[in-house]
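Below are the chains, spelled out letter by letter.
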There are 2 protein chains.
Amino acid sequence: MRIDKSEDAGNGGGEAPKKERGHVHGHVLRYMRRGLMVGAFLPGQVMSLRKLAAGFGTSPMPVREVLSRLVAANALEETKGGSVRVPRLSPEKLSDLFAVREMLEGMATELAAKKATPALISELAAINKQLLVAIEKRDILNCLSSNQKFHFTLYEAAASDVLMPLIESLWLQFGPTMYMSLLIPSMPWNASDHEDILAALNEGNASAAKKGIVHDIRTTCKALLSVAGSQGIELPFAQGADLQFDY
Amino acid sequence: MRIDKSEDAGNGGGEAPKKERGHVHGHVLRYMRRGLMVGAFLPGQVMSLRKLAAGFGTSPMPVREVLSRLVAANALEETKGGSVRVPRLSPEKLSDLFAVREMLEGMATELAAKKATPALISELAAINKQLLVAIEKRDILNCLSSNQKFHFTLYEAAASDVLMPLIESLWLQFGPTMYMSLLIPSMPWNASDHEDILAALNEGNASAAKKGIVHDIRTTCKALLSVAGSQGIELPFAQGADLQFDY
DNA sequence: GATCTCATATTGTGATCAATAAATGATCTT
DNA sequence: AAGATCATTTATTGATCACAATATGAGATC
């Protein structure tokens, strides 16, 4: 069969729009997921199929599928009109979210600690060093990124393909709010719990590692709630409708 | 087979293609979710967009979106070719699944117990009565259905819109396997833990209620694993490719 | 000046189409 | 006769089209 795909190369004045089939939505999904965790999208922002498709250089169809999946993962919510937007979290929901995080990520940490290898620990230490640098420079993007990397490489070591998707769903949910909060000057940035966790992993003390993660999560939650209480979660943000694809 | 979502009847000799816009996929999604929990789909079964669309009397498009969401919720998995199928659970994954169930549903039960009203308790008691009847009659369908109803009305009382979706995701995952296992004669059917939970709720004893749920889940897990061990999870089933929409 | 109404534009939804890729079956060769 | 190759069929995927509902804005009315 194989009908000679041909005319991309030799075609001099190629008018062909270069069809390029094959699984675009995987790309888009990864991009959006990362974007949600790292602050490319803001709470309350509505996602437009056509705008996003234009941004990704594709048709609305793959984007529709991706948004659909993110809605299913509770990372996005749909309005009565069928549009999807980034949810705006109430302090209560944020609190619930972090309570569940403590359980799930605590469990993952415990499992991971029991399987921890020296290679894993040194990898985590390296990531934490990057995090410290990002904190030093007040670099929100790299701070979120390396913090996420630290947690997820740790949980990945638990090798539980049932815990992992649940944890990811939670991170997708609080991601945008987390980014918003880091914009506030009074928000404390620290990674002291990570040091404790590394120490616990070195000692092979699983329950101490778990305690460390739980403390880390609880501290973050308190910080988030305090800035939410002082300034209100709903900050006025100007860039509302526009996207930032350059990260 | 024809699902007949609404006014097919009134249309006399309707030649009109019956455009019927407006959110078909909600129907399909609810139907599929229930179907997964109640045994309409079997582990290993591959879902055909066209077949399903024909069954629902719609085009492949809304079905595609629904399947996409179910994949995102880990209720279905996609093959390398892009098809989606009902996952076949390994004993290890089943065990992991139920370990997480214990945590999440235990937490939900504890919260629910603290908010339990007499109305809720009597509702749960009524549902449990239906369950007992179903067990008596060895009616798999109503057994699964009322068991699911018992658990979910209990968890619903926790009023946590972060726990609920996670729990639903878990149920969607083990649903098909659960149905398979109930087909095995040696599988024990009982609802004794539910009685204990009702008693705990009546006493306002939250931790006892939690213990009851955890015990219920653990018992179910052991039963599932034992039949998996004796007969293997992968039973040969004939109806593989066909669907049963009539439940 | 505020509110209600209507027209416009933008959005999502569902259907159809073209094209790729996988699965299936048949034919040919060894 | 058994295995491999190739063609046919069927599957999903991405693009485009038509329609409906919603949101937005301007204009008129009270």
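Residues numbered from 1 in each chain as written. Chains lettered and ligands numbered in written order. Predicted model: local features only at pLDDT ≥ 70, side-chain atom pairs only at ≥ 80, totals over all residues. Heavy atoms only, no water.

As named in an unreviewed UniProt entry, chain A is GntR family transcriptional regulator, taken from Aminobacter carboxidus.

**Q** Explain the overall build of chain A residue by residue, including any values.
**A** In terms of helices and strands, chain A carries nine helices and three strands. When the helices and strands of chain A are read in sequence order from the N terminus, they spell out α-β-α-α-β-β-α-α-α-α-α-α. Going through the 247 residues of chain A one by one, you find that 48% of them count as buried. Sequence-distant contacts, at least 24 apart, represent 77% of the contacts inside chain A between residues at least 6 apart. (Helix = DSSP H or I, 4+ residues; strand = E, 2+ residues; numbered from the N terminus. Buried < 20%, exposed > 50% of the residue type's maximum accessible area, 1.4 Å probe, protein only. Contact = heavy atoms within 4.5 Å.)

**Q** Can you break down the environment of I184(A) residue by residue, with the values?
**A** Residue and element names in this part refer to chain A. With respect to the helices, strands and loops of the structure, I184 is situated in the loop between α7 (163–182) and α8 (192–203). I184 gets classed as buried once you look at its relative accessible area, which sits at 6%. Between the alpha carbons of I184 and V227 there is a distance of 7.6 Å; along the sequence they are 43 residues apart.

**Q** Break down helix α5 (residues 118–136) of chain A for me, citing the residues and quoting the values.
**A** Residues and elements named next belong to chain A. Between the first and last C-alpha of α5 there are 27 Å, a value that for 19 residues agrees with the 27 Å anticipated at 1.5 Å per step. What α5 keeps buried is the set L120, I121, L124, I127, N128, L131, A134 and I135. Looking straight down α5, one finds its buried side chains confined to an arc of 130 degrees; they lie on one side. For α5, exposure combined with an orientation more than 90 degrees from the buried face picks out P118, A119, K129 and E136. On its buried face, α5 sits against α6 (140–156) and α8. Positive phi shows up at R138, right after α5, with a value of about 55 degrees. (Expected span 1.5 Å × (residues − 1). Arc of directions from axis to C-beta.)

**Q** Got a sec to walk through the interface of chain A and chain B? Specific residues and values, please.
**A** Contact with chain A, which involves 25 residues of that partner, is made by 25 residues of chain B. Note on chain A versus chain B: buried area summed over both sides is about 2400 Å², and carbon and sulfur give 65% of it. Considering only the surface of chain A that becomes buried against chain B, R69(A), M103(A) and V162(A) emerge as the three largest contributors, covering 23% of it. Counting the contacts that link chain A with chain B gives four salt bridges. Of the charged contacts in the structure, one is a salt bridge between E78(B) and R69(A), with a shortest N-O distance of 3.5 Å. (Buried area = accessible area lost by both parts, 1.4 Å probe. Salt bridge = Lys/Arg side-chain N within 4 Å of Asp/Glu carboxyl O.)

**Q** Would you mind going over the relation of the copies chain A and chain B in detail, with residue names and values included?
**A** When chain A is fitted to chain B, the residual RMSD is 0.1 Å, and the transformation amounts to a turn of 180 degrees plus an axial shift of 0.0 Å. The transformation just described matches what one would write down for a two-fold rotation axis. Within chain A, the C-alpha atom positioned nearest to the axis of rotation is that of R69(A), 2.4 Å from it. The share of interface residues of chain A whose copies in chain B are also at the interface is 100%, consistent with both copies meeting through the same surface. (Least-squares fit on C-alpha atoms with pLDDT ≥ 70 in both.)

**Q** Now, about the packing of helix α4 (residues 91–115) of chain A against helix α4 (residues 91–115) of chain B: what can you tell me, with residues and values included?
**A** Their axes nearest at 11 Å, the elements α4(A) and α4(B) cross at an angle of 160 degrees. Classified by the angle their axes make, α4(A) and α4(B) are roughly antiparallel. The two elements α4(A) and α4(B) meet at a crossing, and its hand is right-handed. When α4(A) is examined against α4(B), the residues A99(A), V100(A), M103(A), L104(A) and M107(A) are found in contact with a partner set consisting of A99(B), V100(B), M103(B), L104(B) and M107(B). Looking at the contact of α4(A) with α4(B) residue by residue, the classes come out as ten nonpolar, no polar and no charged. (Axes fitted to C-alpha atoms, helices over the stretch in contact; angles between N-to-C directions. Parallel < 35°, antiparallel > 145°, perpendicular 65-115°, else oblique. Left-handed = near helix turned anticlockwise from the far one by under 90°. Nonpolar A, V, L, I, M, F, W, Y, C, P; charged D, E, K, R; others polar.)

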